[in-house]
Amino acid sequence: TERFVLKILLIYVPSRRQTADLPYGLLYVASSMVEDGHQVKIIDLCLDRLTDEKLISDIKDYGPDVIGFGAITSGYRNLKQLSIKIRSRFPDTTLIVGGVVSSISRMLIENTPVDVVVMREGEITIKKLLNALSGSKPLSDVRGIAYRGKDGVYHENPPEEQILNMDDIPTPAYELIDIKRYCVKVADYMSWFDWGGILSNDRIEKIRAGSEYMIPIFSSRGCVNKCSFCYRHMDSVRQFSPERVIRQIKYFMVKHNIHFFQFIDELTNVSKRWCHRFCDLIDSEKLDITYVINGARVSTMDEPLLRRLKATGCIKIGFGYESGSQVILDYIGKGVSKEQNYKIGRLMKEVGLYDAAQIMIGFPPETAETIEETIKFLVSLAPINPSVN
């Protein structure tokens, strides 16, 4: 079957005052598009707050066959308004949507001019969708999408299978963006926290001198648990190989002179074995890096691993303790005990790692007593700056 090369414009649509984060969702689907030979351009409206007139002018100059929007669900209003304006000027251009906002696919199809919504993971689905749009097969044959049929009615196809081997996914198309425009300066990040008792002044200065910027990276998708307050597109959890993650780190070190990394997974310590292998590779490759872990669980952490992480450059870990009350932990289905939380929290202090201590207050069964338990929990652990939400 003849394959047509399409010109594709990907637009990230912000939600309210959403800050500009590295648009990994767009970069991953863009890499699949580029792999199939398509021409891709990215406009991030979180970063470049273009006027409607300027955006319309840029679209006209580029002349895309397909415009794809990425957004989180609370970006729906902006996405709706923008898609209506674009449709009025470019009536023959196919409009597609992906990302977290795809969770409201029916609302998008029935209330906006969007033609197709890519559900869940997009790397495989987008290739099949673009082939279909090139005329090789009908949309009804493409798994993992919702679309407006010729009858004007909402249609939703069966889901595409999840990607089993994460290493099969192409490397994000970093070349399509100016990476450093998204990076936080290390000096700024280090000044946001009180590192007293965790890092010496000499270590802090060495970290600042070692890298001007820090960059977010992923090692996994999903989580081993399903807490009641959490939402995600994926079932279960899958992780890139430690080797793949190390290659990504080395790419940033060599290409962009970045030596400070922030793991932004829902869950980085999926398994102790993976983490130890990752640390072994840092040592064997003699990588002088600093890193922080945003999402971790106490159930797959112990003292040897905490010490290993610290020895290879980790300075901060964010554990979702959520509550100091077992009643609340059980209610949200956290799958851990408050004793496990206490144990790891105390070890963090003993080992000398910054404990982000993530807490949530206000679940339906919350009472003055359960809140008091959480206060006692935090007082006992005495994290420097707990994250209470």
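See above for the structure.
S.K.: How do you make sense of the overall build of the protein chain when you look at a structure like this?
M.R.: Along the protein chain, the regular secondary structure elements total 13 helices and 17 strands. Relative to the compact-globule value of 21 Å for 389 residues, the protein chain shows a C-alpha radius of gyration of 23 Å, a close match. Taking the principal axes of the C-alpha coordinates as reference, the protein chain spans close to 60 × 50 × 40 Å. Relative to its full complement of 389 residues, the protein chain shows a buried share of 54%. The contacts of the protein chain with a sequence gap of at least 6 include a subset with a gap of at least 24, amounting to 73%.

S.K.: So what exactly am I meant to see when it comes to helix H13 (residues 368-381) here?
M.R.: Helical geometry: 3.6 residues make up each α-helical turn, so side chains three or four residues apart lie on a common side. For H13, built from 14 residues, the straight-helix expectation of 20 Å at 1.5 Å per residue is met to within 8% by its first-to-last C-alpha distance of 20 Å. Taken together, the buried positions of H13 are occupied by Thr 370, Thr 374, Phe 377, Leu 378 and Leu 381. On an axial view of H13, the arc spanned by its buried residues comes to 95 degrees, and they lie on one face. In H13, the exposed residues that point more than 90 degrees away from the buried face are Ala 368, Glu 369, Lys 376 and Val 379. Buried residues in H13 make contact with strand S14 (314-322), helix H11 (326-331), helix H12 (338-351), strand S16 (358-359) and strand S17 (387-388).

S.K.: How should I be thinking about the nonpolar core in this particular structure?
M.R.: Of all hydrophobic cores here, the largest spans 80 residues; its most connected members are Ile 249, Phe 261, Tyr 291, Ile 317, Phe 319 and Tyr 321. Counting residues per element, this core draws most heavily on helix H1 (residues 24-35), which supplies seven residues. Other than its neighbours up to four places away in sequence, Phe 319 contacts Ala 296, Arg 297, Val 298, Met 301, Leu 306, Ile 344, Met 348, Asp 355, Ala 357 and Gln 358.

S.K.: Hey, could you run me through the sheet that holds strand S2 (residues 39-44) in this one?
M.R.: Spatially, the seven strands line up as an open sheet ordered S2-S1-S3-S4-S5-S6-S7, and their pairing is mixed. Pairing within the sheet leaves two strands with one partner each, and these edge strands are S2 and strand S7 (154-156). Between one strand and the next, the sheet's axes are offset by a mean angle of 20 degrees, whatever the strand orientation. Taken together, the three bridges between strand S6 (residues 145-148) and S7 define a ladder with antiparallel strand orientation. Bridge pairing links Tyr 147 to His 155 in S7. In the packing of H1 onto the sheet, contacts are made with strand S1 (7-12), S2 and strand S3 (66-70), and the angle to S1 comes to roughly 175 degrees.

S.K.: What is the right way to read unusual backbone geometry from this model?
M.R.: Note: most residues except glycine have negative phi, and most peptide bonds are trans. Not every positive phi belongs to a glycine, and Arg 120 is a case in point at roughly 55 degrees. With respect to the helices and strands, the residue Arg 120 is situated in the loop between strand S5 (116-118) and helix H5 (123-133). For Arg 120, a relative accessible area of 39% puts it in the partly exposed group.

S.K.: Explanation requested: the pairing of S1 in the structure shown.
M.R.: On a regular strand, one side chain projects to one face of the sheet and the next to the other, so that they alternate. The buried count for S1 comes to five of six residues, which makes it a mostly enclosed element. In terms of strand pairing, S1 meets S2 through six bridges, oriented parallel. Residue pairing for S2: Lys 7 is matched across the bridge by Gln 39. Read from S1 through H1 to S2, the crossover connection turns out right-handed. Across five bridges, S1 lies against S3 in parallel orientation. Looking at S3, one finds that Leu 9 is bridged to Ile 67.

S.K.: Teacher, can you tell me more about the pattern of salt bridges here?
M.R.: Considering all chains together, one arrives at 23 salt bridges under this definition. Residue Arg 87 pairs with Asp 115 through a salt bridge whose shortest N-O separation is 2.7 Å. Here the residue Arg 87 occupies a position in helix H3 (residues 76-89), and Asp 115 occupies one in the loop between helix H4 (105-111) and S5, the gap between them amounting to 28 residues. Glu 373 is the salt-bridge partner of Lys 338, the closest N and O atoms lying 3.3 Å from each other. Pair noted here: Lys 338 is in helix H12 and Glu 373 is in helix H13, with a separation of 35 residues, a long-range link. Owing to a relative accessible area of 22%, Lys 338 belongs among the partly exposed residues under this scheme. Residue Glu 373 is classed as partly exposed on the basis of its relative accessible area of 27%.

S.K.: What's the story with the pairing of strand S4 (residues 94-98) in this structure? I'm lost.
M.R.: Across the five residues of S4, five count as buried, placing the element largely inside the fold. Burial along S4 is two-sided: Thr 94, Ile 96 and Gly 98 facing one way and Leu 95 and Val 97 facing the other are all buried. Pairing geometry for S3 and S4, over five bridges, is parallel. From the neighbouring strand, Ile 67 faces S4, where its bridge partner is Leu 95.

S.K.: What exactly am I supposed to notice about the side chain of Ser 323 here?
M.R.: Among the structural elements, Ser 323 can be located in the loop between S14 and H11. Accessibility expressed as a relative area gives 1% for Ser 323, which makes it buried. Within polar-contact distance, the side chain of Ser 323 engages the side chain of Thr 374 at 3.3 Å. If we ignore the near neighbours within four places in the chain, the residues touching Ser 323 are Ile 328, Leu 329, Asn 341, Ile 359 and Thr 374.

S.K.: Where do I start with a nonpolar patch on the surface in this structure?
M.R.: On the surface, Ile 72, Val 100 and Tyr 231 cluster together to form a nonpolar patch covering roughly 260 Å² of accessible area. Its place among the elements puts Val 100 in the loop between S4 and H4. A residue is classified by how much of its surface remains accessible, and Val 100, at 35% relative accessible area, is partly exposed.

Scoring rules and cut-offs
- The residue numbering used here restarts from 1 in each chain and proceeds along that chain's sequence as written.
- Reporting of local features is limited, given that this is a predicted model, to residues whose pLDDT is at least 70; pairs of side-chain atoms are given and counted only at 80 or more, and all residues count toward the totals for whole chains, interfaces and linings.
- Computation of side-chain values: all heavy atoms of the structure, hydrogens and water removed.
- The numbering of helices and of strands both runs from the N terminus, where a helix is a DSSP run of H or I of at least 4 residues and a strand a run of E of at least 2.
- Between the two quantities, the radius of gyration covers C-alpha atoms and the globule rule is 2.2 Å times the number of residues to the power 0.38.
- Only protein chains enter the accessibility calculation, which uses a 1.4 Å probe; a residue is then buried when its area is under 20% of its type maximum, exposed when over 50%, and partly exposed in between.
- Any two residues whose heavy atoms approach within 4.5 Å at even a single point are treated as in contact.
- Each residue after the first adds 1.5 Å to the expected span of a helix.
- Note: the arc covers the axis-to-C-beta directions of the helix.
- Side-chain atoms within 4.5 Å link the members of a nonpolar core, which is a set of buried Ala, Val, Leu, Ile, Met, Phe, Trp, Tyr and Cys residues.
- Pairing between strands requires that DSSP locate at least two bridges from one strand to the other.
- Note on method: axes are straight lines fitted to C-alpha atoms, helices fitted across the in-contact stretch only, with angles between N-to-C directions ranging 0 to 180 degrees.
- By convention a crossover is right-handed if, when the strands point away from the viewer, the path from the first strand over the helix to the second runs clockwise.
- Salt bridge, as applied in this entry: a Lys or Arg side-chain nitrogen positioned within 4 Å of an Asp or Glu carboxyl oxygen.
- In protein, a polar contact means a hydrogen-donor-capable atom and an acceptor-capable atom, both N or O and within 3.5 Å, with residues adjacent in sequence counting only if both atoms are side-chain atoms; elsewhere, any N or O pair within 3.5 Å suffices.
- Patch membership needs two things, relative accessible area over 30% and no salt bridge, and members are linked within 9 Å if like-charged or within 5 Å if nonpolar (Val, Leu, Ile, Met, Phe, Trp, Tyr).
- Computed with the Shrake-Rupley method and a 1.4 Å probe, the accessible areas treat only the protein chains shown as cover for residues.

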